Amino acid sequence: MKTFDLADESVSNLNQALHLPASGGLEFMVLNPGGKHCVAVGAVADTRITIEGHVGYYCAGMNQNAEITIHGNAGPGLAENMMSGKVRVTGNASQYCGATAHGGLLVIEGDAAARCGISMKGVDIVVYGSIGHMSAFMAQTGRLIVLGDTGDSLGDSIYEARIYVQGKPKSLGTDCVQKSMRDKHKNELGALLVQAKVSGVDISGFKRYGSARELYNFKIDNLSAY
Amino acid sequence: MCGIIGLFCKDTALESKLGQHASDMLAQMTDRGPDSAGFAIYRDQVAAGKVKVTMRIQGEKTDFVDVRSKLMQQFGNDISLKPLANHAVTVLPVDTEQAISWIEKNLPECVMTSIGRSIEIYKQKGLPADVIKQYEFESMSGTHALGHTRMATESAVTAEHSHPFSTGLDLCLVHNGSLSNHNQLREKLKNDNIKFQTDNDSEVAAGYLTWRMAQGASLNEALEAAIEDLDGFYTFAIGTRNGFAVLRDPIACKPAVIAETDKWVAMSSEYRAIAQLPGCEGAKIWEPEPATIYSWGDD
């Protein structure tokens, strides 16, 4: 195990170590993150990284393959543009976590703030608590699972991402509608909850939301507007 | 980018350590605003009929010897004047209007940073750590405090352009963001006798609230109206004599986090400023909703 104490060492030194393909299989312990920005950004290999404390903006961004656990809260932009791997935060995540992320699994054990999963492109996000407004805005693909409630305008202008919510959405965004829970959706949700280590919840309590696909094509009724 | 903080004591036992905790919070926001820093502290409320004014001296003289003798000549021995670096707090036994017009006319070397019965505002160019040290923020006690670290975007880096801004009695505002209709609004408010010291956008927000409250609105009502009338990005923390409020614009891009225990309420741009407060591990922590007013103390 390699330890980086950010009270003494720079975030750049940590990140450069994580950028080496040879970091694969290694374990890293990060101490005293103290809300610093860009902690553990750009990891490339199947490294296991444990962060003890709160992180600032953009933690775990662009992650590939690594498994990153944050024991604390995360600032804005957690796991932004993640490609693969796993990121877990035991506390809350600030706004736009998982933004534009292409793959991997992001688990928030607390609440996530506004714009969770904005423009997500294949990532799976599981939030034990609630999420803020404009979450999954223009979400393209991937799954967003929320055990709590959501803020306003959930899934506004959503493409083909699937959203599962156990609680209540405050409101749905444009072109986002509730859809039926078929067996394949229940299976998908069940498997993701297992991956995210969620137990003791009843899958039948979830509702599914997705695109009404009304924005996909030009509507001839609007012709007179041009 | 800027950093803002606010700390409001719900438990009076915390008041003796307000300055220490609030200055720790402010120092944590250095990365967000290394240009200048400032803070407002509410403490030692003076009796009705008296007025407390914080002033910054500028120009060649850096002490308040002449200021003191002028004040005593005018108001007698029943005044107090406590200098702290280039700021000083004076308590005068007259009504507010009298105090303001006399200071404006007779102390041209002084700029008033706050006026009221309990507010004091200190602000200066430079790193937050230096500003905290210069004005001995750590050792101050009080009921609530707000602070700001500035990375300028809209206007010049000077002490005048630093936050907090105060345009009304015991009222102050710190702002992270930028307003887009401030010039138009400033002209409108000037017509209604709201005075401005700078061309800064945040000062207009403070002036707007003063204007609304002068018309009889409560702080909450003034903030409700601000959501309609202010255009731009903002997270505001606002202090009044007995209260503290937080408001984000309807899009809420600018960060904000609030934490509350039975002993205190704290807000900041980033969680790291709050993380070190006593009992934070048991606090209720959330990011304020867009266009939603959160307030404590008076309504």
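Here the residue numbering is sequential within each chain, running from 1 through the sequence in written order. As they are written, the chains are lettered A onward and the ligands numbered 1 onward, keeping that order. Only residues with pLDDT of at least 70 are given local features in this predicted model, and only at 80 or more are side-chain atom pairs given and counted; all residues enter the totals for whole chains, interfaces and linings.

1. A few points about the overall build of chain A
Line of reasoning, step 1. Across its full length, chain A carries 2 helices and 11 strands.
Line of reasoning, step 2. Going along the chain from the N terminus, every DSSP run of H or I of four or more residues is numbered as a helix, and every run of E of two or more is numbered as a strand. For chain A, the succession of helices and strands along the chain, N to C, is β-α-β-β-β-β-β-β-β-β-β-α-β.
Line of reasoning, step 3. By the compact-globule yardstick of 17 Å for 226 residues, chain A fits well, its C-alpha radius of gyration being 18 Å.
Line of reasoning, step 4. Each of the three principal axes of chain A carries a C-alpha extent, and together these read 65 × 45 × 25 Å.
Line of reasoning, step 5. Put simply, a residue is buried when 20 or more other C-beta atoms lie within 10 Å of its own C-beta and exposed when 12 or fewer do; between those, it is partly exposed, and each C-beta is set from the backbone. The buried share of chain A, reckoned over its 226 residues, is 48%.
Line of reasoning, step 6. Any residue pair is listed as a contact if its two C-beta atoms, each placed from the backbone, are within 7 Å. Across chain A, contacts joining residues at least 24 apart in sequence account for 23% of those joining residues at least 6 apart. All radius of gyration figures rest on C-alpha atoms, and the globule criterion is 2.2 Å times the number of residues raised to 0.38.

2. As for the packing of helix 6 (residues 201-214) of chain B against helix 7 (residues 219-229) of chain B
Residue and element names in this part refer to chain B.
Line of reasoning, step 1. Running from N to C, helix 6 and helix 7 cross one another at 125°; their axes reach a closest spacing of 9 Å. The angle between the axes of helix 6 and helix 7 places the two elements in the oblique class. Considering how the two elements wind past one another, helix 6 and helix 7 form a crossing that is right-handed. Here Tyr208, Leu209, Arg212 and Met213 of helix 6 come into contact with helix 7, specifically with Leu219, Ala222, Ala225, Ala226 and Asp229. Axis definition: a line fitted to C-alpha atoms, over the contacting stretch in the case of helices. Angles run 0 to 180 degrees between N-to-C directions. An angle counts as roughly parallel when it lies under 35 degrees, as roughly antiparallel when it exceeds 145, as roughly perpendicular when it falls between 65 and 115, and as oblique in every other case. For a crossing to be left-handed, the near helix must be turned anticlockwise from the far one by less than a right angle; the clockwise case is right-handed.

3. Describing the domain arrangement of chain B
A common way to state how big an interface is: give the accessible area lost once the parts meet.
Residue and element names in this part refer to chain B.
Line of reasoning, step 1. The source of the domain bounds is an automatic or database domain assignment. By the assigned domains, chain B splits into domain 1 (2-43 + 128-296) and domain 2 (46-117).
Line of reasoning, step 2. Spacing between the C-alpha centres of domain 1 and domain 2 amounts to 24 Å.
Line of reasoning, step 3. Each side of the interface is counted separately: domain 1 has 12 residues, and domain 2 has 11 residues.

4. Some remarks on the sheet that holds strand 2 (residues 36-42) of chain B
All names here are of chain B.
Line of reasoning, step 1. Pairing between two strands is assigned when DSSP locates at least 2 bridges connecting them. In spatial order, the strands read 7-2-8-1-14-13-15; together these 7 strands make up an open sheet with antiparallel pairing. Every interior strand has two partners, whereas the edge strands, strand 7 (119-125) and strand 15 (284-286), have only one. Taken over all neighbouring pairs, the strand axes of this sheet differ in orientation by 10° on average, direction set aside.
Line of reasoning, step 2. Here helix 1 (residues 18-28) sits on the sheet and contacts strand 1 (2-9), strand 2, strand 8 (144-150) and strand 14 (264-268); the angle it forms with strand 1, its principal contact strand, is near 160°.

5. Description of the interface of chain B and chain A
Line of reasoning, step 1. Taken together, the 10 residues of chain B in the interface contact 15 residues of chain A.
Line of reasoning, step 2. Asp, Glu, Lys and Arg are counted as charged, while Ala, Val, Leu, Ile, Met, Phe, Trp, Tyr, Cys and Pro are counted as nonpolar; the rest, among them Gly, fall into the polar class. Broken down by class, the residue content of the side of chain B that touches chain A amounts to 6 nonpolar, no polar and 4 charged.

6. Things to note about the environment of B:Met25
Residue and element names in this part refer to chain B.
Line of reasoning, step 1. Summarising the element assignment, methionine 25 is placed in helix 1.
Line of reasoning, step 2. Between the alpha carbons of methionine 25 and glutamine 58 there is a distance of 28 Å; along the sequence they are 33 residues apart.
Line of reasoning, step 3. Every residue in contact with methionine 25, bar those within four places of it in the chain, is listed here: Ile5, Leu7, Gly147, Ser268, Ala273 and Ile274.

7. Remarks on the environment of B:Tyr294
Line of reasoning, step 1. Among the secondary structure elements, B:Tyr294 is positioned in strand 16 (residues 294-296).
Line of reasoning, step 2. Owing to 20 C-beta atoms within 10 Å, B:Tyr294 belongs among the buried residues under this scheme.

8. Considerations on the nonpolar core
Line of reasoning, step 1. By our criterion, buried Ala, Val, Leu, Ile, Met, Phe, Trp, Tyr and Cys residues that link up through C-beta atoms within 7 Å make up a nonpolar core. Counting 72 residues, the largest nonpolar core has B:Ile5 and B:Ala205 as its most contacted members.
Line of reasoning, step 2. In terms of nonpolar packing, the next biggest core, distinct from the first, is built from 66 residues, A:Ile49, A:Ala74, A:Ala139 and A:Ile158 among them.

9. A short note on the packing of helix 5 (residues 182-191) of chain B against helix 6 of chain B
Residues and elements named next belong to chain B.
Line of reasoning, step 1. The N-to-C vectors of helix 5 and helix 6 enclose an angle of 40°; their axes lie 9 Å apart at closest approach. Taken as axis vectors, helix 5 and helix 6 run oblique relative to one another. As helix 5 packs across helix 6, the resulting crossing turns out to be left-handed. Judged by residue contacts, His182, Leu185, Arg186 and Leu189 of helix 5 engage Asp201, Val204, Gly207, Tyr208 and Trp211 from helix 6.
Line of reasoning, step 2. Taken together, the residues of the contact of helix 5 with helix 6 break down into 5 nonpolar, 2 polar and 2 charged.

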